[in-house]
Amino acid sequence: MENEVKKKKFNGIGIWKFLNKIPAGTMFVPLVISAIISTLTIEFNLGAPSGSNGFGNGVTLWQYLGNPMQDLFGSTGQMLLIGLMLFCTGTMIKPHDFVEVGKRGIWIILARLIPAYVISAIVYVVCGLNGFIGLDFITLTCILTSANAALYMGIVQPYADESDLGTFPIMLICSMPLLPFIFISSFGEGSTSITQKIMQIFSLLIPFLLGFLLGNLDNKIREVFKGGNTIILPFLGFQFGSTINLTKLFDAQVLLSVLIATLLFWAVTMIIPYIVDRFALKRPGYASIGSSSLAGVALSIPAMFLGFSFNGETYTQDMISRSVAVLAIVLLITNILSPFFTKWSMNFYFKTHQKEKMEEPKRIFEASHPELLLAVYDEKGNYRTHHHNHNYFKNIFHIKSHKENEDENNENK
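S.K.: I keep staring at the overall build of the chain and nothing clicks. Help me out?
M.R.: Of regular secondary structure, the chain possesses 21 helices and 2 strands. By residue count, 48% of the 413 residues in the chain fall in the buried class. Within the chain, counting contacts between residues at least 6 apart in sequence, those at least 24 apart form 74% of the total.

S.K.: I tried to follow the confidence of the model for the chain on my own but got confused; where do I start?
M.R.: Confidence in the prediction for the chain averages 83 pLDDT; 88% of positions are at 70 or higher. Per-element confidence in the chain is highest for helix 8 (residues 137–144), whose mean pLDDT is 96, and lowest for helix 21 (residues 402–412), whose mean pLDDT is 43. Across residues 399–413, confidence stays below pLDDT 50; counting only partners more than four residues off in sequence or on other chains, it has 10 contacts.

S.K.: Hey, could you run me through the side chain of Ser185 in this one?
M.R.: Tracing the chain through its elements places Ser185 in helix 11 (residues 178–185). At 2.7 Å, the side chain of Ser185 forms a polar contact with the backbone oxygen of Phe181.

S.K.: So what exactly am I meant to see when it comes to the nonpolar core here?
M.R.: Note on soluble globular proteins: their nonpolar side chains tend to be buried together. Ile138, Leu299, Phe305 and Phe310 are the most contacted members of the largest nonpolar core, which totals 69 residues. Among the elements that line this core, the one with the most residues is helix 17 (residues 317–351), at 9 residues. Those residues within four positions of Phe310 in sequence are excluded, and the remaining contacts are Tyr124, Leu129, Phe137, Ile138, Ile184, Phe187, Gly188, Phe305 and Tyr315. Within the second largest apolar cluster, 26 residues are counted, among which are Tyr152, Met171, Leu172 and Tyr349.

S.K.: Before we go on, may I ask you to explain the packing of aromatic side chains in this structure?
M.R.: Overall, the coordinates contain 24 aromatic pairs when judged by the stated rule. Centroid distance Phe305 to Phe308: 5.1 Å. Interplanar angle 75°. Geometry classified as edge-to-face. The residues Phe305 and Phe308 share a single accessibility class, namely buried. Note on Phe350 and Tyr377: the rings are 5.9 Å apart at their centroids and 90° apart in plane angle, and the pair reads as edge-to-face. Within this pair, whereas Phe350 is found in helix 17, its partner Tyr377 is found in the loop between helix 19 (370–376) and helix 20 (391–397), the two being separated by 27 residues in sequence. Comparing Phe350 with Tyr377, the two get one shared label, buried. Cluster of aromatic residues (ring-pair linked, three or more members): Tyr117, Tyr124, Phe137, Phe181, Phe183, Phe187, Phe305, Phe308 and Phe310. Lying over the aromatic face of Phe279, Arg278 brings its terminal NZ or CZ to 5.9 Å of the ring centre.

Criteria and cut-off values
Residues numbered from 1 in each chain as written. Predicted model: local features only at pLDDT ≥ 70, side-chain atom pairs only at ≥ 80, totals over all residues. Heavy atoms only, no water. Helix = DSSP H or I, 4+ residues; strand = E, 2+ residues; numbered from the N terminus. Buried < 20%, exposed > 50% of the residue type's maximum accessible area, 1.4 Å probe, protein only. Contact = heavy atoms within 4.5 Å. pLDDT = per-residue confidence, 0-100. Polar contact = N/O pair within 3.5 Å; in protein donor to acceptor, adjacent residues only side chain to side chain. Core = buried A, V, L, I, M, F, W, Y, C linked by side-chain atoms within 4.5 Å. Phe/Tyr/Trp six-rings, centres within 6.5 Å; stacked < 30°, edge-to-face > 60°. Lys NZ or Arg CZ within 6 Å of the ring centre and 35° of its normal.

See the structure below:
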């Protein structure tokens with residue numbers, strides 16, 4: 001008998017798996033790739049007039065190739081993808097979500113948004129469009145008012161109940177460009193009339209409302225579009241990256257702006273929301289800390305204000321490029337550290353609620369996550385120092401989902 005040679009099935013090289021290992025990787029990695037390509041083509045004079053000697057006079061690769069590449073990977077297609085993202089977001093939201101968020105989540109959202117908009121308004125009134133220490137008014141507003149709802153859902157999973165999960169769609173709505181656009185545009189003047197500005201606001205609102213309507217009229221539509229944002233994010237990453245010139249990124253002023261912006265973001269998104277969550281709502285605080293990361297869609301907002309005038313100062317393309325660069329770095333920092341902050345805050349909470357103080361954790365988690373209490377405390381009510389090695393946490397924090405494991409097992413059989 002001839003020995004049969006069993007061919008091993010090719011399962012790919014794991015690009016998507018790699019992207020998902022990096023915080024916000026499905027958007028951030030394409031952004032970096034696009035920024036590198038755009039920087040090289042600009043600095044080496046791609047498409048520059050014949051005889052041009054200076055560096056930095058070229059155009060991006062996407063501009064040089066023209067459409068459809070320019071709209072797909074360059075900055076000109078941003079608003080189309082934002083409209084699609086608003087539509088997909090709308091399809092995911094059910095009326096019942098508004099009931100759940102009203103129980104608790106809305107107070108945490110308001111505790112972070114009200115100070116964010118107040119601080120942004122004060123900065124504009126005192127400092128004008130250019131802000132302070134190189135951190136302009138628009139960039140600051142985009143940072144302070146943003147929350148990564150998708151990352152929030154992943155972080156709070158081990159602790160969340162229905163009300164926490166119901167916060168997701170409202171957080172998603174608040175992080176979309178509509179509210180920041182209305183707020184920022186009220187301080188400036190574009191090239192459009194008041195009527196056109198109102199229509200621009202409606203043009204952001206209509207895709208979301210259309211998605212909400214269709215998603216609730218037909219569950220199949222919700223099912224089809226629920227993964228839409230996952231598909232859109234890599235392309236948005238390429239588009240955001242096309243506006244960044246990396247030669248200007250490592251300027252000391254830019255890095256200082258990033259540091260100040262990150263510290264301000266954490267101060268606004270953690271301190272007051274945590275106080276409200278912990279002491280007013282009598283909760284452990286994971287919901288407030290878990291929402292302290294920047295959403296990728298914030299990078300799309302500065303481009304909406306190209307040519308806008310703020311007290312005679314015009315928002316230019318150079319300012320947009322700088323803003324996107326600052327936002328991209330803050331996004332990476334906050335998305336990496338937010339899960340750790342949440343984990344540390346919960347470790348502290350459980351450590352300070354052992355034995356006779358276990359009544360509060362029992363009240364909060366006994367109905368929704370009894371397995372969490374078993375993982376964190378031993379039979380005597382002592383805190384398990386290494387509870388993250390428990391199977392409960394391994395199953396949650398493992399890189400692969402159960403579904404991915406099942407699929408791979410089936411393919412290898």
